[in-house]
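What the coordinates show
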Amino acid sequence: MIPWNGQNYMYDLWNADQILESAMQNSVTWYFQALDQQSSLSSIKEYVKEIGYGNQLIDGDISSYWINSALKISPVEQVEMLTKLYYNQFGFAPENVKAVKDSIRLYSMDEGILSGKTGTEEIDGLNTSGWFIGYVERDSHTYFFATNIQSDKLASGPLATELTFSILSDLNLWNSYQEWGADSSSFFSGKIHLYNLRNIQKTKRIFCQSNTAADIHSGKSTRTNVLRVIETLYKAVRTTWKKF
């Protein structure tokens, strides 16, 4: 646990002591900044290079190098990194990997387990990029995904989440959804909310590397990357998949 520093933040849920699970669930920036303070910027640079995270560009100070910075990563790279973390190919202590997995678990239901984490890039008060990455564990398979949307002002992690759930539903991988956010103290149940996707989805294309979408439905593939691009009012909506 990391004690709250007493600063009054815009989200009430940030104004309290935090553990990893609560910090992940509510995207508590100060918690992760406090963790970084226990290290050094030079050691962080070395580790980012060692694991090959994205473009490996670290600038700014230790509290901001990962916030709206030069450090970039693609959806494909996110899936690769998440896969390595899931199978602990980085050689972390097993209990630490378990702690991270537990902290991003969103649903545990009869149809399986879904884990994920959102992210929103804000520039000058405008939401310019939204992320939702994670995985679905069901039917003895693990499906990894990373969705990124970009816009001049309308992108966000929650919207990337809803787009992801619409794709999960289309692929018959997950059909339950709950909406949450840093400004809400509890989850609430409901059907998939699609933000009127019928009105904004003008074109829908599915690109598959090595396998077809039909192979995913039939379970023929044990390792598949699927890139789905939705041309909407956004500059790009990209979802990358991998099945094990």
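What you see is a predicted model, and the numbers here were worked out from it, not measured in a lab.

1. Notes on the overall build of the chain
Tallying secondary structure elements over the chain gives eight helices and nine strands in all. When the 244 residues of the chain are sorted by exposure, 43% land in the buried category. Put simply, 52% of the contacts in the chain that link residues at least 6 apart link residues at least 24 apart. Summing over all exposed atoms, the chain offers an accessible surface of approximately 13,000 Å²; the carbon and sulfur share of this is 50%.

2. Observations regarding the nonpolar core
In terms of nonpolar packing, the biggest core is built from 21 residues, with Val28, Trp30, Tyr31, Tyr135 and Phe144 touching the most fellow members. For this core, the elements supplying multiple residues, two or more each, are α1 (20-25), α2 (29-37), α4 (75-86), β3 (126-138) and β4 (141-150). Ranked by residues supplied to this core, first place goes to α4 with four residues. By size, the runner-up hydrophobic cluster in this structure holds 18 residues, among which are Tyr143, Ile149, Phe165 and Leu168.

3. Re unusual backbone geometry
Phi at Asp124 takes a positive value of approximately 55°, unusual for a residue other than glycine. Overall, the relative accessible area of 77% leaves Asp124 in the exposed class. Notably, Ser140 is not glycine yet its phi reads approximately 65°, a positive angle. Assignment of secondary structure puts Ser140 in the loop between β3 and β4.

4. So, helix α3 (residues 41-51)
Within α3, the full set of buried residues consists of Ile44, Val48 and Ile51. The buried side chains of α3 occupy one side of the element, clustering within an arc of 80° when seen end-on. Turned more than 90 degrees away from the buried face of α3, the exposed residues are Glu46, Lys49 and Glu50. Just downstream of α3, Gly52 is the residue with a positive phi angle, here 70°.

5. Concerning the pairing of β3
Among the 13 residues of β3, 10 are classified as buried, and the element is accordingly described as predominantly covered. Summarising the sheet, strand β2 (residues 112-123) and β3 pair through 11 bridges and their orientation is antiparallel. In the strand pairing of β3, Lys117 is matched with Ile133. The turn linking β2 back onto β3 is made up of two residues, and Asp124 within it adopts a positive phi angle of 55°. As paired elements, β3 and β4 share 10 bridges and run antiparallel to each other. Note on β4: the bridge partner recorded for Tyr135 is Phe144. Connecting β3 to the antiparallel partner β4 that follows it, the hairpin turn spans two residues, and Asp139 within it adopts a positive phi of roughly 50°.

6. Side note on the packing of aromatic side chains
Each aromatic ring pair is described using two quantities: the centre-to-centre distance and the angle formed by the ring planes. Tallied over the full model, the rule gives 15 aromatic pairs. The interplanar angle of 15° and the centroid separation of 6.4 Å between the aromatic rings of Tyr9 and Trp30 together place this pair among those described as stacked. Of this pair, Tyr9 sits in the segment before α1 while Trp30 sits in helix α2, and the two are 21 residues apart along the sequence. Judged by its relative accessible area of 15%, Tyr9 is buried. Note on Trp30: relative accessible area 5%, which makes it buried. Look at Tyr31 and Phe32: their rings are 5.1 Å apart centre to centre, the planes differ by 85°, and that puts the pair in the edge-to-face class.

7. Quick look at the confidence of the model for the chain
This prediction gives the chain a mean pLDDT of 77; 72% of its residues lie at or above 70. Model confidence for the chain, summarised as mean pLDDT per element, is weakest for strand β6 (residues 188-190) at 26 and strongest for helix α5 (residues 94-103) at 97. Below pLDDT 50 for its whole length, residues 180-237 participates in 126 contacts with residues either more than four positions away or in separate chains.

8. Focus on the pattern of salt bridges
Summed over all chains, the structure comprises five salt bridges. Between Glu111 and Arg138 there is a salt bridge, with the nearest N and O atoms lying 3.8 Å from each other. Placement of Glu111 in the loop between β1 (105-109) and β2 and of Arg138 in strand β3 is noted, with a sequence separation of 27 residues between them. Pair check on accessibility: Glu111 and Arg138 agree, each one buried. Taken together, the shared-partner salt bridges in this structure form one network comprising Lys98, Asp102 and Arg105.

9. Topic: the environment of Tyr31
Within the secondary structure, Tyr31 is located in helix α2. Along the backbone, Tyr31 and Leu20 are 11 residues apart, and their C-alpha atoms lie at a distance of 8.3 Å. Every residue in contact with Tyr31, bar those within four places of it in the chain, is listed here: Ile2, Gln18, Ile19, Leu20 and Ala23.

Here is what the cut-offs are and how they apply
Residues numbered from 1 in each chain as written. Predicted model: local features only at pLDDT ≥ 70, side-chain atom pairs only at ≥ 80, totals over all residues. Heavy atoms only, no water. Helix = DSSP H or I, 4+ residues; strand = E, 2+ residues; numbered from the N terminus. Buried < 20%, exposed > 50% of the residue type's maximum accessible area, 1.4 Å probe, protein only. Contact = heavy atoms within 4.5 Å. Areas by Shrake-Rupley, 256 points an atom, 1.4 Å probe, with all protein chains shown as cover. Core = buried A, V, L, I, M, F, W, Y, C linked by side-chain atoms within 4.5 Å. Arc of directions from axis to C-beta. Pairing = 2+ DSSP bridges. Phe/Tyr/Trp six-rings, centres within 6.5 Å; stacked < 30°, edge-to-face > 60°. pLDDT = per-residue confidence, 0-100. Salt bridge = Lys/Arg side-chain N within 4 Å of Asp/Glu carboxyl O.

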